[in-house]
Amino acid sequence: MKILILGSGGREHALAWKLAQSPGVAVFAAPGNPGMARVGTCVPAGDGSPEASLAVAEAVGADLTVVGPEAPLVAGVVDAFRASGRRIVGPNRSAARLEGSKIFAKNFLVQSNIPTAEFVVVDGRAEGGVERGAEGSAAARKATERFGYPV
C-alpha cells in the first residue's frame, strides 16, 4: 500500500514514522522533511493547492492520502480527492473551518451552546488587508477592558 502524507511538520513526521512501520506500506511525503526522508520518499508538493496535491497522489499512485496541516484542509483538498474518487483522511472544507478559523469556531461554539471562554473579535485591517497600525492596536486595547486585568 502506498500512503501519501501531505505536510512537513512534526505531526506529519510522527505519522510517517508510525505508518512506515506497517508491513507492506510505502510512505511518500509532500513536501516532507529530512526526518521523513529517513522513513519514506519525499516528493515536491507543487504549490500546495488541492489540485497540485491530487496530481502528486496520482503521480506516486497513492492508495491513501493523510493530511496533516490545516491549510490544505481549509483549501478543500479532501473535497477534491473525494470528487476524484481518491481515498483521503481528513475533514472536508466545511468541517475544516472549525480548525482553520478561530472566529468561526468561537461563533459556532456560542451558537451551539457549547461552553467556551469569553472572546471579542477586533478587526484592525482596512480594505484590501492593509493594516491600519495604531487604529487596530487601539481597538485591541479597548477590547481588553471588557475582560479586566491581567489579560
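Residues numbered from 1 in each chain as written. Predicted model: local features only at pLDDT ≥ 70, side-chain atom pairs only at ≥ 80, totals over all residues. Heavy atoms only, no water.

Considerations on the overall build of the protein chain
Then, in step 1: Within the protein chain, the regular secondary structure consists of eight helices and five strands.
Then, in step 2: Order of helices (α) and strands (β) in the protein chain, N terminus to C terminus: β-α-β-α-β-α-β-α-α-β-α-α-α.
Then, in step 3: For 151 residues, the compact-globule estimate of 2.2 N^0.38 gives 15 Å, and the C-alpha radius of gyration of the protein chain, at 20 Å, exceeds that figure by more than 25%.
Then, in step 4: A principal-axis box enclosing the C-alpha atoms of the protein chain has dimensions of 60 × 35 × 30 Å.
Then, in step 5: Going through the 151 residues of the protein chain one by one, you find that 29% of them count as buried.
Then, in step 6: For the protein chain, the proportion of contacts with a sequence separation of at least 24, taken over those separated by at least 6, is 44%. (Helix = DSSP H or I, 4+ residues; strand = E, 2+ residues; numbered from the N terminus. Rg over C-alpha atoms; globule rule 2.2 N^0.38 Å. Buried < 20%, exposed > 50% of the residue type's maximum accessible area, 1.4 Å probe, protein only. Contact = heavy atoms within 4.5 Å.)

Some thoughts on a nonpolar patch on the surface
Then, in step 1: Taken together, the side chains of V120, V122, F147, Y149 and V151 define a hydrophobic patch exposed on the protein surface, amounting to about 480 Å² of accessible area.
Then, in step 2: Here Y149 lies in the segment after α8 (134-144). (Patch = residues over 30% accessible without salt bridge, like charges linked within 9 Å, V, L, I, M, F, W, Y side chains within 5 Å. Areas by Shrake-Rupley, 256 points an atom, 1.4 Å probe, with all protein chains shown as cover. Salt bridge = Lys/Arg side-chain N within 4 Å of Asp/Glu carboxyl O.)

With respect to the sheet that holds strand β4 (residues 64-67)
Then, in step 1: Reading across from one edge, β3-β2-β1-β4-β5 is the order of the five strands in this open sheet, with parallel pairing throughout. Two strands lie at the open edges of the sheet, namely β3 (41-42) and β5 (88-89), each paired on one side alone.
Then, in step 2: As judged from the six bridges shared by strand β1 (residues 2-7) and strand β2 (residues 26-31), these two strands associate in the parallel manner. Of the residues in β2, the one forming a bridge with L4 is F28.
Then, in step 3: Strands in contact with helix α1 (residues 10-19) are β1, β2 and β4; relative to β1, the strand with the most contacts, it is inclined by about 170 degrees. (Pairing = 2+ DSSP bridges. Axes fitted to C-alpha atoms, helices over the stretch in contact; angles between N-to-C directions.)

A look at the environment of S53
Then, in step 1: If you trace the backbone, S53 turns up in helix α3 (residues 50-60).
Then, in step 2: Residues S53 and V78, spaced 25 residues apart in sequence, show a C-alpha to C-alpha distance of 10.0 Å.
Then, in step 3: In this view, S53 contacts L4, L6, G48, V77 and F81; residues no more than four positions away in its chain are not counted.

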